[in-house]
Amino acid sequence: MLGTNIFSSLFTGVSLLVEGLLFSNLLLCLQTPALAWDVIGMSIFSMTGQFFIFYCIETFGPVVFTIIMACRQVLSIIVSCLMFGHPLTAQSFFGAFVVFVAIFLRIYAKQRSSRTPAAAK
C-alpha cells in the first residue's frame with residue numbers, strides 16, 4: 001500500500017512538473033484555501049478508505065470483499081438511475097446477474113472443496 005501510494009505521488013508530481021502545471025496548481029491551492037481544504041479532505045477520506053479495504057480483506061477474505069464491492073457498485077448504479085434518470089437496460093441487468101452468479105459460484109466451489117478433505121479424514 002505504501003509503495004503504491006509513493007509511486008502514485010511521484011508519478012503525478014513528475015507528470016505535473018513535465019507539463020509545467022505543478023507550480024501553477026500549488027499557487028492555485030495557496031490562493032484558494034477552500035480548494036486546499038477540499039484536497040486535504042479528499043486525501044484523508046481516501047486514506048481511510050484504503051485502511052477499511054485492507055482491514056476487510058484481512059479479516060473476511062477477498063471473496064467477501066468482492067461481494068461488498070459488487071453490491072456497492074450495484075447500489076451506486078441504482079442511486080444514479082434514481083437521482084439522474086439514467087436508464088437501466090436489459091444488458092445492464094444481465095451484466096450484474098453474470099457478475100453475482102460468478103461470485104457466488106466461486107464461493108460455492110471454495111466451500112465444497114474445503115469440505116471434501118474434512119470428510120475424507
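Residues numbered from 1 in each chain as written. Predicted model: local features only at pLDDT ≥ 70, side-chain atom pairs only at ≥ 80, totals over all residues. Heavy atoms only, no water.

**What to know about the overall build of the chain**
- For the chain, the helix and strand inventory stands at five helices and zero strands.
- Counting from the amino terminus, the chain carries its helices and strands in the arrangement α-α-α-α-α.
- In terms of overall dimensions, the chain is more spread out than a globule: its C-alpha atoms have a radius of gyration of 22 Å, far above the 14 Å expected for 121 residues.
- Over its C-alpha atoms, taken along the principal directions, the chain stretches across nearly 65 × 45 × 25 Å. (Helix = DSSP H or I, 4+ residues; strand = E, 2+ residues; numbered from the N terminus. Rg over C-alpha atoms; globule rule 2.2 N^0.38 Å.)

**Some thoughts on the packing of aromatic side chains**
- Applying the stated rule across the entire model yields two aromatic pairs.
- Look at Phe7 and Phe11: their rings are 5.9 Å apart centre to centre, the planes differ by 25°, and that puts the pair in the stacked class. Of this pair, Phe7 and Phe11 are both found in helix α1 (residues 2–19), four residues apart, which corresponds to roughly one turn of the helix. Across the pair, Phe11 and Phe7 agree in class, each one exposed. (Phe/Tyr/Trp six-rings, centres within 6.5 Å; stacked < 30°, edge-to-face > 60°. Buried < 20%, exposed > 50% of the residue type's maximum accessible area, 1.4 Å probe, protein only.)

**Notes on the confidence of the model for the chain**
- Counting all residues, the mean pLDDT for the chain is 87, and 95% of those residues have values of 70 or more.
- For the chain, helix α5 (residues 90–120) is the element with the lowest average pLDDT, namely 78, and helix α2 (residues 22–31) is the one with the highest, namely 94. (pLDDT = per-residue confidence, 0-100.)

**A few points about the state of the cysteines**
- Per the stated rule, a full pass over the model turns up zero disulfides.
- Unpaired in this structure, Cys56 has its nearest cysteine sulfur neighbour in Cys71, at a distance of 11 Å.
- Here Cys81 is not cross-linked by a disulfide; its sulfur's nearest cysteine counterpart is in Cys71, at 16 Å.
- Overall, Cys81 belongs to the buried group, its relative accessible area being 14%. (Disulfide = S-S within 2.5 Å.)

**Comments concerning helix α4 (residues 62–84)**
- The end-to-end C-alpha distance of α4, which contains 23 residues, comes to 32 Å, matching closely the 33 Å that a straight helix rising 1.5 Å per residue would cover.
- Once α4 finishes, Gly85 follows within two positions and takes phi at roughly 70°, a positive value. (Expected span 1.5 Å × (residues − 1).)

**Some points on a nonpolar patch on the surface**
- On the surface, Met1, Trp37, Ile40, Ile44, Met47, Phe51, Ile53, Phe54 and Ile57 cluster together to form a nonpolar patch covering roughly 860 Å² of accessible area.
- In this structure, Trp37 sits in helix α3 (residues 33–60). (Patch = residues over 30% accessible without salt bridge, like charges linked within 9 Å, V, L, I, M, F, W, Y side chains within 5 Å. Areas by Shrake-Rupley, 256 points an atom, 1.4 Å probe, with all protein chains shown as cover. Salt bridge = Lys/Arg side-chain N within 4 Å of Asp/Glu carboxyl O.)

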